[in-house]
Structures are given as C-alpha cells and as structure tokens.
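So the chains spell out like this:
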Amino acid sequence: MMSMNESEIEIQTTDIPALIVETAGEEQQQPKGRRASLMAAVRTRAYNSDLTRAHIALMEREVLLPHKQLELFRLVNRHYRTLQTWHDQYTGWRIQRGSTVIRLVRHLSTATPGYLYERLKDPKDFACLTWVLWFAENRQLTGRGNDQQFLLSQLAEQIQEQSSHGMDSEKEFDFRKQADRYSIQRALQYLEDLGGIQLVDGQTREWVEQTPDADVLYEFTDVIHSLVTALNPESLATVSAQLNGATTNLQPILLPGAAHSTPDLVRAWRAILIGPALFRHDDPAAFAALEEHADEVANELLETFGWLLDIHRDYACIVRASGTATGPVTSLSMVGASDQIAMLLCGAIRRKVEAGSWLAPDQYGCLHVTTGDIEELFYSVRERYGENWGTEARNKSSRSLLNDVYKKMRQVGLIRGPDEAGNVLVLPTAARYAVSYDDPGEEKPAGRKSSKRTAKSTRNTAAIDWSEAGEG
C-alpha cells in the first residue's frame, strides 16, 4: 500500500444546526433585535453554503441533469443569475441553462498538448466522440432531428465514410478493425455516462466483438446538442499545425487572438479552474497578472469555492481539502501502479536535479530531457521497487508500462511529450512529489513479520520548485 504524508488542509465552517440549538435556549433572554440578527446570520450562512455548492457543481460536473442530480440542478437553477454574474466578471464563461440540462460552457485560452480523460484513451477515441456529435447535429440539420434513435452500424458507416474524405489515411476509420471498434465503444460509453445518449436495445460488446448480426439501437437525448459548439477555423488550423509539428508540439499554444481578446487575468482564472495548473511557460502575461493580483484571486477562490490558491515561481494551481471533490478531479492516487510509478519517477528526477546530473531547468522551471533519460530512471525504479506493484503492472513489458506512466503524467500535468524526436518536457509541478516505500514488518511480532510495504513522503509535497529541490 502506498501513502503520502501530505499537508492537511481543513476548511472549517460553522455548524448551522448547532448554532440554532445553541441560540434557541437564549432567545427568551435576548432582545428581539438580537434574535433577528442571529437568524439573519444563520440564513446568510445557509445561502452562502448553497451558493458555494452551486459553484462547485458547475465546475466539477460536465453537465447537470434533473433526473440524475435533481438537488444540484435545482440549486444551480435557483442561483443562476448570481453564478452567471460571477463568471461574467472572472472567466467570461456562459452558463447554458434549459429545462433538461445545465452546463457551464468553458472556453480555453491555451491548448495543452497531451492531456487525456480517463475514459478516452486514444486520439481516435476523441475523433470518434467528435464524429458522433457531428452525426447528431447533422441529423438535426437535415430534418431528422425528431427521430433521435439510430443504429450503431449506421453511425459507424457514416463515420467511416466521412473520415475517408481526408488526405491522411492514418485518420481514416475502418470498423472491421477491433481497435477502431473499441474507440467508438469508449466514445459512446463516455456520452452514455454523460447522459447524451441512452441504450435502447442490444449489447455494444457483441457488436465490438463482431458477433454475427449483432447491432445496437441508441437514442440521442437533449444533452447531446448542448455539447455541440462551433469551432473557430483559425484556432483549429493553428493548434493542428503546432500539435502535428515534429518540433513544435511541446511548445505552449496561446490560441490566436486570445492575448488581445481575453484579458490576462481572465486567462489566468480559466487556466487554474480548468487545471491542472497555470504555467508561466504557457502564458507569461497571464501568470504575471495572477502574481500581481494573487491576494485578490486567493481570497475570491476561497470565498467562492472554499479552495486554496497554491502559487509558486513558475506555476500556480488549486488545492482542495482532502475528500471534498464532488466530481472527476484529476490527481494522483496511492492506489494505481501508474500513479505510484509517476511519483517515484518524480523523486528520481528531483535527485538528478539535486546532483546536477541533468541540465538545469530553463527560465520557466521546465526540464528538457529525452525518452532515453526517462527510460534510464524508469528501469532503475522498476528494479528497485517493482515488487511492490500489482500483478498486472509486474507482468507488463517495460515499454507498455512506461507508456501508461507517460499518459498518467501528461494527464495530471507533470510532463509534455514525448514528441516524435523523443523529447520530453518535465514541468515544474513534478517537483511536488518525492516518495519512498517503507517496510513496516519490523514492528510486527516475531514469526508474523509481514513483507507488505507501504510508502511515505520523504519531503512535504508543498515544496515545489526545482530551485528548492535540495532543501528540506
């Protein structure tokens, strides 16, 4: 088992029912004005608590549906104007509100390469997701919007046909291939979990496994159209060119016009709220604005969400109190082998920096290394700690396991890459982690010594720049 001695963050709030009980016995002695003041304070606390829950629900849930999250749906609906006013001031995002779905429509100012969702594992998964949204919108535009049901075979046929119109054969879909079938399955499962489609009849697994005559009937819901947005062709072309460039896909991507159309501080708010962090490397002007208004942003963040702002020389991120997340917040855990290996690698990287074995961080606190450098550390970590990992991780090839670790580290904002040339950009957030395993068996009575190992943090996770890596 792996654990880490992180700094505990406690957000203490007054217990409103307790306050009522405590004051109830004093009501007869208190003047009417005093009682009225106390009750007003109770109502204010309750209102602020509800408003905080509404803010967090909008941020941590991709959509809110009345049949799935009725209480939160009503809460956001009730505070809609206050919530929208807040976003008008700080993020510029719009709350899309209807009778069947509520969604915070977020806009990026920068494109972060390599970021993955848990359910979508491969670039073709995202491509399938986009094609499904196109399929839904196309049916609406061609007058078939009232017929929300469709067969999976029809969807696959349309996607395969449309993808063949491009110039890049690698982007074409061929659903005779098992890998492409898994991609569309993951995209559909993501939309089903989100409430955008629902299964009417059939088993998707049978279609994926190419069982003879297998097909699946799905139905679009109102949610699906709330997910469709118009793409800016200029932004799309810029991002595509940079992400597909052999030497440019590790570089920061500030979307065309963002620096002129979106104020610096608004871009900062967007980056820290979307996560995993705002890096000075990505948007120096936005980071400078955040530093200038750090106290104001920190106070607003705490008052609005109950979250803390963690700002350092080269990056800033949000810190939540342990166990308070109500939605999918991407972070490392102590359970998964990939998570453990990622943290062990971070510790090994720290030691390389401390020893001066690698080139010093650049002006933005980033380390420029190669896959060969990372592989050397990985093999060392696996040899030393591999016996502590689960059976699945131990049985995987080093190449496959390292690719899983790369995905995890990209997802949580620790690295970018590798690119086609084998370059890796290690972000300054990697300096947050340094862990090691302990063997508690020595504390066991003789004859009952356990070989089970746990892990502890060798440094406080709040210390955090490469320049401070040797301290503590």
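Residues numbered from 1 in each chain as written. Predicted model: local features only at pLDDT ≥ 70, side-chain atom pairs only at ≥ 80, totals over all residues. Heavy atoms only, no water.

Points about the confidence of the model for the protein chain
Keep this limit in mind: Residue-level confidence of the predictor, termed pLDDT, takes values from 0 up to 100. Helix and strand assignments come from DSSP, with helices taken as H or I runs of at least 4 residues and strands as E runs of at least 2, each series counted from the N terminus. Any two residues having at least one pair of non-hydrogen atoms within 4.5 Å are treated as being in contact.
This prediction gives the protein chain a mean pLDDT of 81; 78% of its residues lie at or above 70. Per-element mean pLDDT across the protein chain ranges from 42 in helix H1 (residues 16–24) up to 97 in helix H4 (residues 80–90). Counting interchain partners and residues more than four positions distant, the pLDDT-below-50 stretch residues 440–464 has 62 contacts.

Observations regarding the sheet that holds strand S8 (residues 315–319)
What counts is decided by this rule: The rule for pairing is simple: two strands pair if DSSP sees at least two bridges between them.
Strand order across the open sheet formed by three strands is S6-S8-S7, with antiparallel pairing between neighbours. The sheet is open, and its two edges are formed by strand S6 (278–279) and strand S7 (308–311), each paired on a single side. Across four bridges, S7 lies against S8 in antiparallel orientation. The residue bridging Leu309 from the neighbouring strand is Ile318, located in S8.

A few points about the side chain of Ser226
Rules: A 1.4 Å probe rolled over the protein chains alone gives each residue an accessible area, and that area as a share of the maximum for its type sets the label: buried under 20%, exposed over 50%, partly exposed in between. In the analysis that follows, any N or O atom pair within 3.5 Å is treated as a polar contact, provided that within protein one partner can donate a hydrogen and the other can accept it, and provided that, for residues neighboring in sequence, both atoms belong to side chains.
Within the secondary structure, Ser226 is located in helix H9 (residues 223–226). What makes Ser226 buried here is its relative accessible area of 6%. Within the structure, Ser226 has its side chain in polar contact with the backbone oxygen of Val223 (distance 2.6 Å). Those residues in contact with Ser226 that lie beyond four places of it in its chain are Gln96, Val101 and Arg103.

As for the packing of aromatic side chains
For any pair of aromatic rings, the description consists of the separation of the ring centres together with the inter-plane angle of the planes. Put simply, the test is: Think of it this way: a Phe, Tyr or Trp ring, Trp meaning its six-membered ring, pairs with another when their centres are within 6.5 Å, and the plane angle makes it stacked under 30 degrees, edge-to-face over 60, tilted otherwise. Here, over-ring charges are defined by two tests on the NZ atom of lysine or the CZ atom of arginine: distance to the ring centre within 6 Å, and angle to the ring normal within 35 degrees.
Using the criterion set out here, one finds 14 aromatic pairs in the structure. Seen in terms of ring centroids, Phe173 and Phe175 are 5.5 Å apart; in terms of plane orientation they differ by 10°. Their pairing is stacked. Of the residues examined, Phe173 reaches a relative accessible area of 4% and is grouped as buried. One aromatic cluster is present, built from ring pairs that chain together Trp86, Tyr90, Trp269, Phe305 and Trp307. The ring of Phe173 has Lys124 lying over it, and the distance from NZ or CZ to the ring centre is 4.9 Å. Cation over ring: Arg320 sits above Trp307, and NZ or CZ is 4.1 Å from the ring centre.

Considering unusual backbone geometry
A cis geometry characterises the amide bond from Gly275 onward to Pro276, with omega recorded as 0°. Along the chain, the position of Pro276 falls in the loop between helix H12 (264–274) and S6. Positive phi, close to 65°, is recorded for Asp213, a residue that is not glycine. Among the structural elements, Asp213 can be located in the loop between helix H8 (204–208) and strand S5 (217–220). Judged by relative accessible area, which is 82%, Asp213 ranks as exposed.

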